[in-house]
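# Survey of secondary and tertiary structure
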Amino acid sequence: MPPAQTPSVLPARPEFSSGPCPKRPGWSADAVAARAFLGRSHRASAPKAQLADVCTKTHALLGLPADYRLGIVPASDTGAVEMALWSLLGPRPVDVLAWESFGAGWANDIQKQLKLPDVRLLEAPYGALPDLASVRADADVVFTWNGTTSGARVPDADWIAADRTGLTICDATSAVFAQNLDWAKLDVVTFSWQKVMGGEGAHGVLILSPRAVERLESHTPVWPMPKIFRLTKGGKLIEGIFRGETINTPSMLAVADAADALDWVAEIGGQAGAQTRADANFAALQAWVDRSDWIENLVADPAARSNTSVCLRITDARVAALGEPAQRAFTKAMCARLEKANAAYDINGYRDAPPGLRIWCGATVNTDDIAALTPWLDWAFAATAAETFA
């Protein structure tokens, strides 16, 4: 094999991590710090108003129905999902969809921690989707809209019955501001600032439909509820959570960073503008994949391919013939080369996923950087193959 030729142009921003994700173009730590209420109580009027404003702006930019509530909760998207599971599940059967690690994690909690009696696990391997048509309309359904660790997403919400009696609980952390969510079909939606907004971790966002609020106010879980999961008091929703009155102390620096990201989203055209950027990034990356003879999208069905967390598998016969540990070593070596060259950071596949690469294409990434990245991927593959199969 001839030596790999080093590309001449580096991505201007080599951050392609799938979480925490790249900051927005033009981001400035000084600008964020200048608007942060550092050293102030989050209960004081001005900081509390900033928290409420983040809720209001997010609600408006997502185009939520007027009667949906949106609040900031502890522990990132994971905390928001767990709040929903522990607070809402119990009255009905549950269908859990799992086609990647996070869906499998929610299934584990529902089956082994909550120990509900009627739980069906609908599974699919990484890169595929389970049988969506088999979801029961009378059951609560728990699913990820976009599988961050597999690159597979549901193409739409047509499989959710309009006259369903069960609730839909949707982990949409890498889909919000990048994909069209059918709000009328979703009762609980969770996400975190650290994904498409490029914000900081540790805080989650919880969105509730009126049906979800009705469940909260009519159902009392049989298990003890930790304070950070409690959404009701005296049988009524704690409305303050959805007006910036957080359950525990938030980072006001992270809140200011979220406010900065929301202003940027508004500048680029809101939800539609952010989704257009993600679509363009994905299109540029997938076009390169389609031209390449050594790599493919992990998701075979184009309709199910994520436009944010794009997962790729190496199909070169020599690499494919290796055992899984050796394949992981190969991709690790590729990623180390790319990081040393300052061409790409943090693009190795998720630890539980099949060996491969995972490249973030959300709105905060510039398409020019995707275009600059792809020659470096070819370079890293060729160099690593030459070394491995010498």
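As a reminder, the structure under discussion sits directly above these lines.
Residues numbered from 1 in each chain as written. Predicted model: local features only at pLDDT ≥ 70, side-chain atom pairs only at ≥ 80, totals over all residues. Heavy atoms only, no water.

What follows concerns the overall build of the chain. A count of helical and extended segments in the chain gives 10 helices and 12 strands. The 390 residues of the chain split such that 56% are buried. Restricting the contact set of the chain to residue pairs at least 6 apart, pairs at least 24 apart contribute 72%. A distance of 6 Å separates the average location of the 36 positive side-chain charges in the chain from that of its 43 negative side-chain charges. (Helix = DSSP H or I, 4+ residues; strand = E, 2+ residues; numbered from the N terminus. Buried < 20%, exposed > 50% of the residue type's maximum accessible area, 1.4 Å probe, protein only. Contact = heavy atoms within 4.5 Å. Lys, Arg positive; Asp, Glu negative; His and termini not counted. Charge placed at Lys NZ, Arg CZ, Asp CG, Glu CD.)

Two elements in contact, helix α2 (residues 45–62) and helix α6 (residues 252–267), have axes separated by 10 Å at closest approach and are oriented at 35 degrees. Between α2 and α6 lies a crossing of left-handed hand. Within the contact between the two elements, α2 uses P47, Q50, L51, V54, K57, T58 and L61 and α6 uses M252, V255, A256, A258, A259, L262, D263, V265 and A266. For the contact of α2 with α6, the residue count by class is 12 nonpolar, two polar and two charged. (Axes fitted to C-alpha atoms, helices over the stretch in contact; angles between N-to-C directions. Left-handed = near helix turned anticlockwise from the far one by under 90°. Nonpolar A, V, L, I, M, F, W, Y, C, P; charged D, E, K, R; others polar.)

All right, on to the sheet that holds strand β12 (residues 357–360) then. Taken in spatial order, the three strands make up an open sheet running β10-β11-β12, and their pairing is antiparallel. Two strands bound the open sheet, and with one partner strand each, they are β10 (295–297) and β12. The mean angle between the axes of side-by-side strands here comes to 30 degrees, regardless of whether they run parallel or antiparallel. Sheet topology places strand β11 (residues 309–314) next to β12; four bridges connect them, and they run antiparallel. Directly across from C311, in β12, lies its bridge partner R358. (Pairing = 2+ DSSP bridges.)

Interaxial distance between helix α3 (residues 76–88) and helix α4 (residues 101–114) falls to 11 Å at its minimum, and their mutual angle equals 40 degrees. Classified by the angle their axes make, α3 and α4 are oblique. Between α3 and α4 the crossing geometry is right-handed. Residues D77, T78, V81, E82, L85 and W86 of α3 lie in contact with α4, whose contacting residues are W106, D109, I110, Q113 and L114. Across the contact of α3 with α4, the residue classes break down as six nonpolar, two polar and three charged. (Parallel < 35°, antiparallel > 145°, perpendicular 65-115°, else oblique.)

Here we come to the sheet that holds strand β5 (residues 168–171). Here we have seven strands laid out as an open sheet, ordered β1-β7-β6-β5-β4-β2-β3, and mixed in their pairing. Looking at strand neighbours, the two that pair on one side only are β1 (69–74) and β3 (119–123), the edges of this open sheet. For this sheet the average axis-to-axis angle between neighbouring strands, irrespective of direction, equals 20 degrees. With five bridges connecting them, strand β6 (residues 188–192) and strand β7 (residues 203–208) associate as antiparallel partners. Directly across from S192, in β7, lies its bridge partner G204. Sitting on the sheet, α2 touches β1, β6 and β7, and the angle it makes with β1 is about 130 degrees. Lying on the sheet, helix α5 (residues 210–218) is in contact with β1, β4 (140–144), β6 and β7; it crosses β7 at an angle near 95 degrees.

What follows is about the pairing of β4. Counting buried residues along β4, five of its five residues qualify, which places the element largely inside the surrounding structure. Summarising the sheet, strand β2 (residues 94–98) and β4 pair through three bridges and their orientation is parallel. Paired with V94 across the strands is D140, a residue of β4. Examined bridge by bridge, β4 and β5 share four bridges and lie parallel to one another. Across the sheet, residue T144 finds its bridge partner in β5, namely D171.

Okay, the packing of aromatic side chains next. Overall, the coordinates contain 10 aromatic pairs when judged by the stated rule. Seen in terms of ring centroids, F143 and W159 are 5.0 Å apart; in terms of plane orientation they differ by 80 degrees. Their pairing is edge-to-face. In this pair, F143 sits in strand β4 while W159 sits in the loop between β4 and β5, placing the two residues 16 residues apart along the sequence. Between the aromatic rings of F330 and F389, the centroid separation amounts to 6.3 Å while the plane-to-plane angle is 35 degrees, which identifies the pairing as tilted. Note that F330 is positioned in helix α9 (residues 324–340) and F389 in the segment after α10 (367–388), a separation of 59 residues in sequence. (Phe/Tyr/Trp six-rings, centres within 6.5 Å; stacked < 30°, edge-to-face > 60°.)

None of this, on its own, says anything about what the molecule does.
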